[in-house]
Amino acid sequence: MTPPATGPGPVAGHCDELLHALAPFRDQAGTAQSWGERLARVLAGGGRLLAAGNGGSAAQAQHLTAELVGRYRDDRPPFSAIALHADTSSTTAIANDYGVDEVFARQVRAHGREGDVLMLLSTSGASANLLSAAEAGREAGMSVWALTGPAPNPLAAGSDESLCVQAGSTATVQELHLVAVHMVCAAFDAALEDVLEGGSADDAADA
């Protein structure tokens with residue numbers, strides 16, 4: 001007769017790991033709040049968000065840009081947000097001509113402007129192509145924000161600000177990165193109305 005399992009097993013254990021990582025992650029909610037509020041000012045002012053990641057992090061970055069070009073919850077105007085990895089012709093051409101480490105950096109130099117925001121997602125925080133992109137973003141005068149796994153890591157160190165998930169599992173890090181994406185979007189939408197109303201008031205005063 002098979003003895004009963006002594007632990008939660010891989011499925012319930014996955015949930016347990018997520019719950020364990022969520023509490024300390026929640027303590028960083030202020031960072032996500034600040035990012036959303038500042039992103040609202042940048043995008044409403046005509047700026048742009050560039051985002052990038054590799055693998056699952058690429059999917060999370062594209063999720064963020066989709067929420068901004070489309071909508072998160074309530075209807076609102078579209079805003080400029082580009083997932084750099086989604087331009088497959090550019091990424092493959094750049095990788096072929098300049099090397100994989102340049103696939104995002106070259107696009108940052110093409111599309112990024114001073115005052116824009118660059119958000120980079122990496123579970124390891126050590127991807128060479130994202131480190132190059134962070135450097136290009138800083139050189140362009142962009143605000144560089146990193147969503148990473150456990151700190152310290154090179155990407156967090158090479159960015160202006162970071163939100164790091166203290167979890168040992170790549171899956172858990174990616175799941176909490178999705179939570180962070182939605183937190184930023186919620187803060188963005190909450191701040192946007194005030195930003196747009198403030199702009200309208202300023203326009204009326206100038207008139």
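The coordinates are above.
Asks: Honestly, the packing of aromatic side chains in this entry has me stumped. Any pointers?
Replies: Given two aromatic rings, their pairing is described by the distance between the two centres and the angle made by the two planes. Tallied over the full model, the rule gives 2 aromatic pairs. Residues Phe79 and Phe188 carry aromatic rings whose centres are separated by 5.5 Å and whose planes lie at 80° to one another, so their mutual orientation is edge-to-face. With a gap of 109 residues between them, Phe79 in the loop between helix H3 (56–69) and strand S2 (81–83) and Phe188 in helix H8 (residues 170–206) connect regions that are remote in the sequence. You'll find Phe79 and Phe188 in the same group, each marked buried.

Asks: What is the right way to look at helix H2 (residues 29–44) in this model?
Replies: Because an α-helix packs 3.6 residues into every turn, residues spaced three or four apart end up facing the same way. The end-to-end C-alpha separation of H2 is 23 Å, in line with the 22 Å expected for 16 residues at 1.5 Å each. Within two residues after H2, Gly46 carries a phi angle of roughly 95°, on the positive side.

Asks: Sorry if this is basic, but what is going on with the pairing of strand S4 (residues 143–148) here?
Replies: Working note: regular strand, side chains alternate between the two faces of the sheet. When you tally the buried positions in S4, you get 5 out of 6 residues, the bulk of the element. Across 6 bridges, strand S3 (residues 117–122) lies against S4 in parallel orientation. Looking across to S4, one finds that Leu121 is bridged to Leu147. You can see the chain leave S3, run along helix H6 (residues 128–139) and come back into S4, and the turn it takes is right-handed. Both S4 and strand S5 (residues 161–164) contribute to a ladder of 4 bridges, which runs parallel. Bridging across to S5, Leu147 finds its partner in Leu163.

Asks: I would appreciate a short explanation of the pattern of salt bridges in the present structure.
Replies: A side chain with one charge can pair with a side chain of the opposite charge if their charged atoms come near. Considering all chains together, one arrives at 3 salt bridges under this definition. Glu102 serves as the salt-bridge partner of Arg109, at 2.4 Å between the closest nitrogen and oxygen. Judged by its relative accessible area of 43%, Arg109 is partly exposed.

Asks: Can you help me understand the sheet that holds S2 in this one?
Replies: Consider a sheet: its strands pair through backbone hydrogen bonds, and that pairing is either parallel or antiparallel. With parallel pairing, 5 strands are arranged side by side in an open sheet as S2-S1-S3-S4-S5. Looking at the sheet topology across the chains shown, the edges are occupied by S2 and S5. Between one strand axis and the next, the sheet turns by 15° as a mean value, whatever way the strands run. Running over the sheet, H3 touches strand S1 (49–53), S2 and S3 and is turned about 160° from S1.

Scoring rules and cut-offs
- Residues numbered from 1 in each chain as written.
- Predicted model: local features only at pLDDT ≥ 70, side-chain atom pairs only at ≥ 80, totals over all residues.
- Heavy atoms only, no water.
- Phe/Tyr/Trp six-rings, centres within 6.5 Å; stacked < 30°, edge-to-face > 60°.
- Helix = DSSP H or I, 4+ residues; strand = E, 2+ residues; numbered from the N terminus.
- Buried < 20%, exposed > 50% of the residue type's maximum accessible area, 1.4 Å probe, protein only.
- Expected span 1.5 Å × (residues − 1).
- Pairing = 2+ DSSP bridges.
- Right-handed = clockwise from strand over helix to strand, strands pointing away.
- Salt bridge = Lys/Arg side-chain N within 4 Å of Asp/Glu carboxyl O.
- Axes fitted to C-alpha atoms, helices over the stretch in contact; angles between N-to-C directions.
- Contact = heavy atoms within 4.5 Å.

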